[in-house]
Amino acid sequence: MSGTGNTIGTRGLVLNEPLIFEQGSPGRVGYSLPPVDVPEKKAEVLIPKRLLRDGIPGMPEVSEVDVIRHYTRISQWNYCVDLGFFPLGSCTMKYNPRINEDMARLPGFAKAHPYQPEELSQGALQLMWELEQYLAEVAGMDRVTLQPSAGAHGELTGLMMIRAYHTSRGNPRSKVLIPDSAHGTNPATSALCGYRVVPVKEGPRGIVEAKAVAEVMDNEVAAIMVTSPNTLGLFEEQIVEVSKIVHAKGGQVYCDGANLNSVMGISRPGDCGVDVIQINLHKTFSQPHGGGGPGAGPVALKKHLAPFMPVPTVEKKGNRLTFDFKRPKSIGKVRAFAASFGVLVRSYTYIRSMGSAGLRRASEVAVLNANYIQSQLKGTYHLPYDRHCMHECIFTDALQVRHDIHTVDIAKRLIDYGFHPPTIYFPLIVKAALMIEPTETESKETLDQFIAAMKQIAREAQENPDLLREAPRNPKVTRLNETKAAREPKLRWRPTS
Amino acid sequence: MQVPEGLKYTREHEWIKVEGDRGQVGITHYAQDQLGDVVFVELPKKGRSLRQMEPFGVIESVKAVSDLYCPAGGEVLEVNGELERKPELVNGDPYGAGWMIRVKITNPKDLDKLLSASEYSAYLKQAGGGH
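The following paragraphs examine the structure supplied in this document. Please read all numbers here as calculations on a predicted model, not as lab measurements.

Let's talk about unusual backbone geometry
Residue and element names in this part refer to chain A. Omega for the peptide link from F426 to P427 comes to 0°, which places this bond in the cis form. By the secondary structure assignment, P427 is in the loop between β11 (423-424) and β12 (433-436). The omega torsion of the bond from A471 to P472 falls at 0°, within 30 degrees of zero and hence cis. Looking at the secondary structure, you find P472 in the loop between α13 (466-469) and α14 (482-487). One non-glycine residue with positive phi stands out, namely D404, at about 60°. Within the secondary structure, D404 sits in the loop between β10 (393-396) and α11 (407-416). Given 11 C-beta atoms within 10 Å, D404 falls into the exposed group.

Structure (structure tokens):
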């Protein structure tokens with residue numbers, strides 16, 4: 001690879017585009033209504049004044065084509081997994097097959113109404129029932145609630161069930177153990193459930209050690225929240241022993257399943273002693289990551305926790321499927337209606353089109369791809385945990401710091417080579433991390449192109465570090481002043497006059 | 001890295017300057033360097049009582065968000081309100097204008113558990129951050 005001339009992401013017709021508020025002209029509209037055929041009355045006459053809002057200053061007056069072009073143009077400034085490699089560690093940006101979208105658009109699914117009677121919803125209920133069985137099988141658990149709307153919502157639901165379980169036995173307990181290699185949402189979940197967080201340091205190999213757990217485990221610990229594989233991309237090898245220690249004192253084992261993508265069909269959390277796990281459908285089961293939703297974070301659990309599941313559950317009575325709201329020990333409802341149903345259809349489709357052998361293969365290739373990148377870039381970039389990784393690998397800027405080049409500069413320069421940057425400065429326990437997750441959907445050619453770009457960037461750091469400090473140069477907007485943006489945020493447009 | 005004499009330090013990179021039973025608290029030069037450009041500092045209310053090493057606030061930079069730990073137990077007498085508008089003072093002058101809180105120290109023995117300037121410098125070197 002020489003320079004940036006032949007790389008992807010450096011050419012194209014990218015159109016400039018002002019804000020929608022700066023467009024249009026007075027009186028221009030995007031519709032034309034028929035004339036009014038009843039006497040016209042002003043809103044002030046018909047509606048009490050206190051219910052009327054003031055006029056909106058600066059409301060754009062634009063035509064339909066103005067609006068369509070505006071949003072299409074700015075959408076083209078964006079980068080997405082359908083355009084290219086998106087190695088965002090911890091986020092699992094895998095490609096989402098189009099057949100998922102086809103199925104989600106089947107009218108019987110897409111047009112189902114949440115208040116539709118059960119007898120007219122048997123197909124939708126069957127999909128939910130079967131998806132529960134599939135997810136339970138992958139996780140090695142007994143039951144699954146499909147209701148939570150995201151991973152963190154799943155965590156909260158799971159920990160609420162654990163709290164309800166302990167309360168039903170007389171004492172909700174007061175503490176939750178959280179290794180510092182766990183996901184950042186875990187402490188927030190614990191605090192929301194009224195628990196005090198007790199941190200557990202990971203050992204020198206980057207995993208939680210059973211003896212460290214034994215030291216802090218007591219009868220006031222409600223649960224341990226382990227992320228496995230953890231945020232270092234490492235499998236928690238001592239999880240079976242950890243589970244035994246926690247169970248011996250009556251605690252529960254919560255696994256953050258955000259990284260399930262790397263163990264499907266190979267190791268089942270339920271077989272490792274885990275009592276509850278949330279499954280991020282938008283990561284492992286090929287959901288688009290939408291800008292904030294809708295998502296789904298189903299929670300799989302062992303049968304001793306089943307009485308506490310949120311309502312409704314889907315139950316089978318003979319040949320009929322039904323929503324069960326009569327569950328006296330349930331933690332209650334965690335969302336409106338039954339679930340983000342369209343999301344469930346996509347993940348169901350993914351599972352059915354992959355099959356069990358295909359899911360295992362997906363995990364194997366995800367791990368292989370991450371290890372391929374790790375082995376190819378080792379030596380070029382500092383590898384803080386020099387051992388096989390799972391589905392993501394972590395480097396740092398330690399070899400580039402001597403040229404005054406930092407993680408952020410490496411990430412920005414990747415944009416010039418047509419790649420979305422990896423996750424940076426996370427996990428926090430690694431100094432200046434670059435966290436790369438290729439996923440199973442990338443070909444060897446793509447990985448080689450990425451590796452070549454990373455090696456070229458390391459050479460540039462030595463020979464011409466300004467190329468990195470001033471990166472990115474190719475995209476429409478170049479290096480942004482992130483500090484100024486954070487110190488003086490402008491969160492909405494305001495009229496200038 | 002600047003590590004002024006006469007201050008006491010925590011392993012979490014806070015400093016405290018003790019005068020009588022009063023202490024002024026901030027983060028070290030090393031801490032602000034590691035964080036990068038500070039964009040937001042959240043400080044406690046006046047009058048709050050803190051245990052030693054209890055989090056008293058949160059600091060956010062372009063890279064990360066971290067808790068701030070109180071080097072010695074005590075009552076918050078004053079907070080540096082200027083940081084709300086000018087968080088960059090923490091980067092520019094971590095031991096001066098970038099101070100965060102003043103506390104009335106309840107238990108002077110807490111100070112014995114803190115590091116001296118030379119101990120803190122050695123700790124940074126050992127942590128690989130002394131460059």
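Digging into the interface of chain A and chain B
Contacts between the two partners involve six residues from chain A, matched on the other side by six residues from chain B. Class assignment for the residues of the side of chain A that touches chain B results in three nonpolar, one polar and two charged.

Structural notes on the sheet that holds strand β1 (residues 143-145) of chain A
One key point about sheets: their strands pair by backbone hydrogen bonds, in either a parallel or an antiparallel sense. All names here are of chain A. The strand order β1-β7-β6-β5-β4-β2-β3 describes an open sheet built from seven strands, whose pairing is mixed. Of all strands in the sheet, those bounded by a partner on one side alone are β1 and β3 (196-200). Put simply, the sheet's adjacent strands are angled 20° from each other on average, direction ignored. Pairing between strand β6 (residues 276-278) and strand β7 (residues 299-301): three bridges, direction antiparallel.

Remarks on the packing of helix α5 (residues 122-139) of chain A against helix α10 (residues 341-377) of chain A
Residue and element names in this part refer to chain A. Two elements in contact, α5 and α10, have axes whose closest approach is 10 Å; the angle formed by their N-to-C orientations is 45°. Overall, the two elements α5 and α10 adopt an arrangement that is oblique. Pair α5 / α10 crosses with left-handed handedness. Mapping the contact onto sequence places A124, L127, M128, E130, L131, Y134 and V138 in α5 and F341, L344, V345, S347, Y348, I351 and L359 in α10. Taken together, the residues of the contact of α5 with α10 break down into 12 nonpolar, one polar and one charged.

Looking at the sheet that holds strand β5 (residues 49-50) of chain B
Residue and element names in this part refer to chain B. Strands sit in the order β1-β2-β3-β9-β8-β5 across an open sheet of six strands; the sheet is antiparallel. Two strands in the sheet have a free side with no partner beyond their single neighbour: β1 (8-9) and β5. Bridge count between strand β3 (residues 22-27) and strand β9 (residues 101-105): four bridges; the pairing is antiparallel. By the bridge assignment, V25 is partnered in β9 with I101.

Criteria and thresholds
- Every chain's residues receive numbers from 1 upward, in the order its sequence appears when written.
- Labels are handed out in written order, letters beginning with A for the chains and numbers beginning with 1 for the ligands.
- Given that the model is predicted, a residue must reach a pLDDT of at least 70 before its local features are reported, and side-chain atom pairs must reach 80 or more before they are shown or counted; all residues, however, enter totals for whole chains, interfaces and linings.
- Secondary structure elements are defined from DSSP: runs of H or I of at least 4 residues count as helices, runs of E of at least 2 residues count as strands, and each element is numbered from the N terminus.
- Counting other C-beta atoms within 10 Å of a residue's C-beta gives its exposure: the residue is buried at 20 or more, exposed at 12 or fewer, and partly exposed in between, where C-beta atoms are placed from the backbone.
- The contact rule is simple: place each C-beta atom from the backbone, and if two of them lie within 7 Å, those residues are in contact.
- Classification used: nonpolar for Ala, Val, Leu, Ile, Met, Phe, Trp, Tyr, Cys and Pro, charged for Asp, Glu, Lys and Arg, polar for all others including Gly.
- A pair of strands is treated as paired once DSSP finds two or more bridges between them.
- Lines fitted to C-alpha atoms define the axes here, with helix axes fitted over just the stretch in contact, and angles between the N-to-C directions of these axes take values from 0 to 180 degrees.
- Should an angle fall under 35 degrees it is taken as roughly parallel, and over 145 as roughly antiparallel, whereas 65 to 115 is taken as roughly perpendicular and any remaining angle as oblique.
- Two helices crossing with the near one rotated counterclockwise from the far one by less than a right angle form a left-handed crossing, whereas a clockwise rotation gives a right-handed crossing.

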